[in-house]
Amino acid sequence: TAYDLLLDISSHVPGKDKITLDIEHLTIDDQKIDISGSTKSSEEIDLLISEIRKVECFKNNVTRGPTDTLPNGVKRFKLTITAQCMGGGS
């Protein structure tokens with residue numbers, strides 16, 4: 001279910017000692033998950049992606065969109081995850 005996928009993502013987000021993460025938008029439908037938010041650095045985005053890929057459903061299916069740098073240096077990102085265990089047709 002969408003709730004289970006959210007729990008999987010949540011359990012794989014690096015701790016506050018490793019990443020400063022602000023999730024601005026999260027959408028789950030039957031085909032994909034879109035996450036947008038911000039971190040302090042591009043390295044933190046890479047860390048987030050590598051941790052999310054540890055979820056069996058998501059391992060090869062995390063796509064990183066363009067990253068914007070805000071005036072205060074914060075990096076805004078967008079990730080799209082297509083989960084092979086989602087949907088009815090796979």
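Within any chain, residue numbers begin from 1 and follow the written order of that chain's sequence. Note on the predicted model: pLDDT of at least 70 is required for a residue's local features to be given, and 80 or more for side-chain atom pairs to be given and counted; whole-chain, interface and lining totals, by contrast, use all residues. Based on all heavy atoms of the structure, the side-chain values leave hydrogens and waters out of the count.

**Details of the environment of Pro-14**
Filter applied, for reference: Numbering goes from the N terminus for both helices and strands, where a helix is a DSSP run of H or I of at least four residues and a strand is a run of E of at least two. Two residues qualify as a contact provided that any one of their heavy atoms is within 4.5 Å of a heavy atom in the partner residue.
Among the secondary structure elements, Pro-14 is positioned in the loop between helix 1 (2–12) and strand 1 (22–28). For the pair Pro-14 and Ile-33, spaced 19 residues apart in the sequence, the C-alpha separation amounts to 18 Å. Excluding its chain neighbours within four sequence positions, the residues that come into contact with Pro-14 are Ile-19, Leu-47, Leu-48 and Glu-51.

**Focus on the pattern of salt bridges**
Note the threshold: Only one rule defines a salt bridge in this text: a Lys or Arg side-chain nitrogen within 4 Å of an Asp or Glu carboxyl oxygen. Exposure categories follow from relative accessible area, calculated using a 1.4 Å probe and restricted to protein chains: below 20% of the type maximum is buried, above 50% is exposed, and the middle band is partly exposed.
Inspection of the entire model under this criterion finds 6 salt bridges. When the shortest N-O distance is used, the salt bridge between Lys-32 and Asp-34 registers 3.1 Å. Between Arg-64 and Asp-46 there is a salt bridge, with its nearest N and O atoms 2.5 Å apart. Of this pair, Arg-64 sits in strand 3 (residues 62–64) while Asp-46 is found in helix 2 (residues 42–52), placing the two residues 18 residues apart along the sequence. What makes Arg-64 partly exposed here is its relative accessible area of 31%. One continuous salt-bridge network, built from bridges that share partners, spans Asp-29, Lys-32 and Asp-34.

**Describing the pairing of strand 2 (residues 33–39)**
Selection rule: Two strands pair under a simple rule: DSSP has to find at least two bridges between them.
Within strand 2, 7 of the 7 residues are buried, leaving the element largely enclosed by the surrounding structure. Pairing analysis gives 6 bridges linking strand 1 to strand 2, with the strands arranged antiparallel. Residue pairing in the sheet places Asp-22 in a bridge with Ser-38 of strand 2. The loop that links strand 1 with its antiparallel partner strand 2 comprises 4 residues. Where strand 2 meets strand 5 (residues 75–81), 7 bridges bridge the pair, whose relative direction is antiparallel.

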